[in-house]
Amino acid sequence: TKLVGFEKVTRAASSGGEDHILCHCERGGEAFSVKTRFLVGAEGAHSVVRKTLGLAFDGKKFEEEFLLCDCEIEKADAAESGGRYLEPGDMLSFLDGTLFVAFPYKWGGYRIVMTRSEERMGKEATMEEVQKVCDLLPTKLAVKNPRWISPFRIHSRVVDQFGDLERVFLVGDAAHIHSPAGGQGMNTGLQDSYNLGWKLWLACQSKASAALIKSFSLERQPIGRTLIRTTDTAFSAVAGSSVMFRMLRSVMFSALGRKFLLPEVERRIPQLVAQLWISYRSGPLALSVLPRKFFGSWPLQAGDRLPFLKLEKGTTTLDLVRGPHFTVLFLASSTAAAEELCSEVVLKQLEVLKEGAGLKSFLLSCHQDCRGPPGIESLAIADPADFKRKFGGITDGMLLVRPDKYIGYMEALGMKSRLSEYLERLFKP
């Protein structure tokens, strides 16, 4: 089935109809239409949804041209090559004027990605071209039996907003494309989808506020733009052919660079690629009600991802939030604090979450004898020092965790509650 286009249909309230999207599709040469309340464009860089909305896909195209080849590799034996290399499952990378990376397949072959020389740009890709680069490697390789070979260029682009902010949305490559540095494309698309998914679930129940729907683009578009900037820099540093990037690589892989610079890069890259740095603190769905700090800021605030914390019974905080539901975590240092936090007023305010995406409630404490009211499971924190480091000394309070594992609302005990105000941001009156 192929989407050809769509139109937004607005019905007057007096007509008794509903606003909807009319999608025009094709299948097997036959045209037909589909009526839907919402439309999500997840059809890649050439998105029909994006083009129909008329959204600009601003960015750039990298000057370098690349070649992709899926083939078999025949290597010399260890004795002839001077050592063991490219064992089953191993990846091979080489960089000396030319970028060459070979990724292993389970079927025994390899995917080769390499830069093309200036004289080969724009011409048909051949196995002879691949072999010529292999001949530059310090190990002897012969490529054969290609299953796929093709040249490609890399684009770096992002839209200004991820849809029309009402009924039509963009996720993944339809909204942003970038270099493959770090392999972050799939993770970013999945996070786009999860961020949008729980909001659309509430919208399909006619419970989501307009602000909740609009928050998807307001939260994810800045992430897409940041990703474009970081992957551009990383890819240019690895594959760029300018004098500046050649000098950068020379310094990085020099004796001093390997001793002082490379370890720091290796430490930071996993954090960047894992995308655990992503925060929505400045977004419309983050509300922190915490005491003022005169020096620095609280390490954990609304908008941040819920930290990993070990609990009793072999569980963790991530186990508690697994699933498409909201989660309330009450933090208490005593039974008296637990009773104040879990008051009838607070629990009644949270009822709206149970009627929407669902709600699970837990009480966490560093004290084994601290227990919450009936219906709220109490769990002891296994490592109080880790808790203090990650939560910044907030021993009594509450966290409302969204279905996508980000903290939406955070309140310290003793502060004037704004929970009802926050829930109004999510739900229709």
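Here, every reference points to the structure presented above.
Reference entry: report on the structure contained in this document.

What counts and what doesn't
- Residues numbered from 1 in each chain as written.
- Predicted model: local features only at pLDDT ≥ 70, side-chain atom pairs only at ≥ 80, totals over all residues.
- Heavy atoms only, no water.
- Phe/Tyr/Trp six-rings, centres within 6.5 Å; stacked < 30°, edge-to-face > 60°.
- Buried < 20%, exposed > 50% of the residue type's maximum accessible area, 1.4 Å probe, protein only.
- Helix = DSSP H or I, 4+ residues; strand = E, 2+ residues; numbered from the N terminus.
- Pairing = 2+ DSSP bridges.
- Axes fitted to C-alpha atoms, helices over the stretch in contact; angles between N-to-C directions.
- Disulfide = S-S within 2.5 Å.
- Core = buried A, V, L, I, M, F, W, Y, C linked by side-chain atoms within 4.5 Å.
- Contact = heavy atoms within 4.5 Å.
- Lys, Arg positive; Asp, Glu negative; His and termini not counted.
- Salt bridge = Lys/Arg side-chain N within 4 Å of Asp/Glu carboxyl O.
- Polar contact = N/O pair within 3.5 Å; in protein donor to acceptor, adjacent residues only side chain to side chain.

Looking now at the packing of aromatic side chains. This structure, assessed with the given rule, holds 8 aromatic pairs. With a centroid separation of 5.4 Å and 20° between ring planes, the pair formed by Tyr105 and Trp107 is classed as stacked. The exposure class assigned to Tyr105 is partly exposed, which follows from its relative accessible area of 29%. Summarising the aromatic geometry, the rings of Tyr409 and Tyr422 are spaced 5.7 Å apart at their centres and angled 35° between planes, so their arrangement reads as tilted. Of this pair, Tyr409 sits in strand β17 (residues 407–412) while Tyr422 is found in helix α13 (residues 419–426), placing the two residues 13 residues apart along the sequence. With respect to class, Tyr409 is no different from Tyr422; both count as buried.

What follows covers the sheet that holds strand β13 (residues 326–331). Taken in spatial order, the 6 strands of this open sheet run β12-β17-β16-β13-β14-β15, and their pairing is mixed. Of all the strands in the sheet, just β12 (287–289) and β15 (377–380) have a single pairing partner and so form its edges. Geometrically, the sheet is characterised by an average inter-axis angle of 20° between neighbouring strands, direction not taken into account. Two elements, β13 and strand β16 (residues 397–401), share 5 bridges in a ladder whose sense is antiparallel. For Val328, the partnering residue across the bridge sits in β16 and is Leu400.

Attention now moves to the state of the cysteines. Using the criterion set out here, one finds 0 disulfides in the structure. Free cysteine: Cys69, not disulfide-bonded; nearest cysteine sulfur from Cys71 at 3.8 Å. No disulfide involves Cys134; its sulfur sits 7.4 Å from that of Cys71, the nearest cysteine. For Cys134, a relative accessible area of 1% translates into the label buried.

Core analysis: the biggest nonpolar cluster contains 56 residues, and Phe326 and Phe330 have the highest contact counts within it. The element that contributes the greatest number of residues to this core is helix α4 (residues 185–204), accounting for 5 residues. Sequence-distant contacts of Phe326, that is, excluding residues within four places in its chain, are made with Trp198, Leu202, Leu353, Ala357, Gly358, Leu359, Lys360, Leu400, Val401, Arg402, Pro403 and Leu426. In this structure, Leu364, Ile394, Ile407 and Ala412 belong to the second largest nonpolar core, which totals 24 residues.

Turning our attention to the side chain of Lys405. Note on placement: Lys405 falls in the loop between β16 and β17. For Lys405, which is buried and forms no salt bridge, the nearest opposite charge comes from Asp404, at a distance of 7.5 Å. Among the polar contacts made by the side chain of Lys405, one reaches the side chain of Tyr194 at a distance of 3.3 Å. Within the structure, Lys405 has its side chain in polar contact with the backbone oxygen of Gly323 (distance 2.7 Å). In this view, Lys405 contacts Tyr194, Arg305, Leu306, Val321, Arg322 and Gly323; residues no more than four positions away in its chain are not counted.

Our focus in this paragraph is the sheet that holds strand β3 (residues 30–36). Judged by pairing direction, the sheet is antiparallel, and its 3 strands sit side by side in the order β1-β2-β3 without closing on themselves. Looking at which strands have only one partner, the edges of the open sheet turn out to be β1 (2–9) and β3. On average, adjacent strands in this sheet sit at an angle of 20° to one another, irrespective of strand direction.

Let us now look at the environment of Phe391. In this structure, Phe391 sits in helix α12 (residues 384–391). Phe391 sits in the buried class, given a relative accessible area of 1%. The sequence separation of Phe391 and Gln301 amounts to 90 residues, and the corresponding C-alpha distance is 8.6 Å. Setting aside chain neighbours within four positions, we find Phe391 in contact with Pro299, Leu300, Pro307, Leu309, Leu331 and Leu399.

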